[in-house]
Amino acid sequence: MIETFREQVRAAAAGGGKLRIRGGGTKDWYGQAPEGELLDTRGHSGIVDYEPTELVITARCGTPLAEIEAVLAAQNQMLAFEPPHFGDSATFGGAIAAGLSGPRRANSGALRDFVLGAELLDGKGDVLRFGGQVMKNVAGYDVSRLLAGSLGTLGLITEASVKVLPRPVAETTLRFEIDEIGAIRKLNEWGGQPLPVSASCWHAGVLALRLSGARAAVDAAVTSLGGQVMADSTAFWAGVREQRHAFFDGIGDGDAALWRLSVPSTTGAIVLKGEQLIEWGGAQRWLRASSGDADSIRRTASAAGGHATLFRGGDKRVGVFQPLAPAVARIHERLKASFDPAHLFNPGRMA
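What you see is a predicted model; the values in this text were computed from it and never measured.

Caption draft 1: Examining the side chain of H44 more closely. Topologically, H44 is positioned in the loop between β2 (37-40) and β3 (47-51). Apart from the residues lying within four places of it in its own chain, the contact partners of H44 are M1, I2, F5, R60, C61, G62, T63 and T158.

Caption draft 2: Highlighting the layout of surface pockets. By volume, the second largest pocket amounts to about 480 Å³. Taken together, 19 residues line the second largest pocket, and the ones lying closest to its centre are E82, R104, R167, E171 and T234. No other element matches the five residues that helix α9 (residues 233-241) contributes to the lining of the second largest pocket.

Caption draft 3: Highlighting the sheet that holds strand β4 (residues 56-60). Within the open sheet, the five strands sit side by side as β3-β4-β8-β6-β7. Their pairing is antiparallel. On the outer flanks of this sheet lie β3 and β7 (127-131), each paired with one strand and no other. Neighbour-to-neighbour, the strand axes of the sheet open up by a mean angle of 10°, direction not taken into account. When strand β6 (residues 115-121) meets β7, the two strands line up antiparallel, connected through five bridges.

Caption draft 4: Inspection of the pattern of salt bridges at higher detail. This structure, assessed with the given rule, holds 16 salt bridges. Two residues, E3 and R6, come together in a salt bridge whose shortest N-O distance is 2.7 Å. Separated by three residues within a single helix, E3 and R6 lie in helix α1 (residues 2-15), roughly one turn from each other. Accessibility expressed as a relative area gives 41% for E3, which makes it partly exposed.

Caption draft 5: Examining the sheet that holds strand β17 (residues 307-313) more closely. Strand order across the open sheet formed by eight strands is β13-β10-β12-β11-β15-β16-β14-β17, with antiparallel pairing between neighbours. Whereas interior strands pair on both sides, the edge strands pair on one side only; in this sheet they are β13 (228-229) and β17. For strand β10 (residues 170-177) and β13, the ladder comprises two bridges, and the chain directions are antiparallel. Directly across from R175, in β13, lies its bridge partner Q228. Here α9 sits on the sheet in contact with β10, β11 (197-203), β12 (206-213) and β15 (275-279), set at roughly 70° to β11. In this fold helix α10 (residues 294-303) packs onto β14 (256-262), β16 (284-290) and β17, with an angle of close to 140° to the strand it touches most, β17.

Basis of the calculations
- Residues numbered from 1 in each chain as written.
- Predicted model: local features only at pLDDT ≥ 70, side-chain atom pairs only at ≥ 80, totals over all residues.
- Heavy atoms only, no water.
- Helix = DSSP H or I, 4+ residues; strand = E, 2+ residues; numbered from the N terminus.
- Contact = heavy atoms within 4.5 Å.
- 1 Å grid on protein atoms, 1.4 Å probe; cavity = no way out; pocket = protein on both sides within 12 Å on 5 of 7 lines; lining within 4 Å.
- Points joined across faces, edges and corners; volume = space filled by probe spheres on them.
- Pairing = 2+ DSSP bridges.
- Axes fitted to C-alpha atoms, helices over the stretch in contact; angles between N-to-C directions.
- Salt bridge = Lys/Arg side-chain N within 4 Å of Asp/Glu carboxyl O.
- Buried < 20%, exposed > 50% of the residue type's maximum accessible area, 1.4 Å probe, protein only.

In structure tokens form, the structure reads like this:
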């Protein structure tokens, strides 16, 4: 399959064409509109190596994400960054390229923190390998982690190795009725305490707090914090991760837009037009607002020390990602030129 990919890349380079890398297509809406001839990765599938005792799994880009999670679950292990699928056909390579993490991210780490190594097909049709299957394997730039969230703009991620973790022995979700300011204050107070917090979500006066770990630690935290134990919490957190929660209903219809604000967790209530949902201990704020409010939303996020992304829906002509500082933009341009000098891959997807 690699040879087929190489031929397609070299043909595009020779003919001045562009390539649109696509796995299951469940995140086609993320980023600017995809362009170019389709390069379908689904045929390059399969788990290459998995040793449960080493807590590492290596798989090809077209491997269904659900298949990987099922194999891990059979060994009572998991992808601790809880990548969202946004559809049954989500692939492993698509998850790496999108770089998105779910509710557990604030406490376990982001997807990029778990990437140990990667294999990349660059714009010349050459196969490059970075990193490996252990944590301390990098000298110089950590390119394998750089690929996480690159949306395929640097090349085709053909294979990747990621660290996995054991599933927690016990897990309980508590529910609190509390206003936005109070929820942010409590989340930051709890964040400074030795509590087994693994996820948080505030919306419409209700704060959900997930506790994960040893049974004794979870039980002690439940007794200390109070609140009400939430029934069917697994479905609740899956709904938050996959954006099936009621807050996300209707996004993409008409001018309805979903903004993702990344700010310091200690940031107080953000006053903007629209409804909000707060995750990651206060560090991630989802906002339902018109894409026409882009300037005010981005100014507000910047003033708080963060940035804003037009995550889903709305008018992408305002720009999906917040513009980079000139010095950072130059670094991105040089990286693109190094890996994809002819600008073959996913043109304009990020900027």
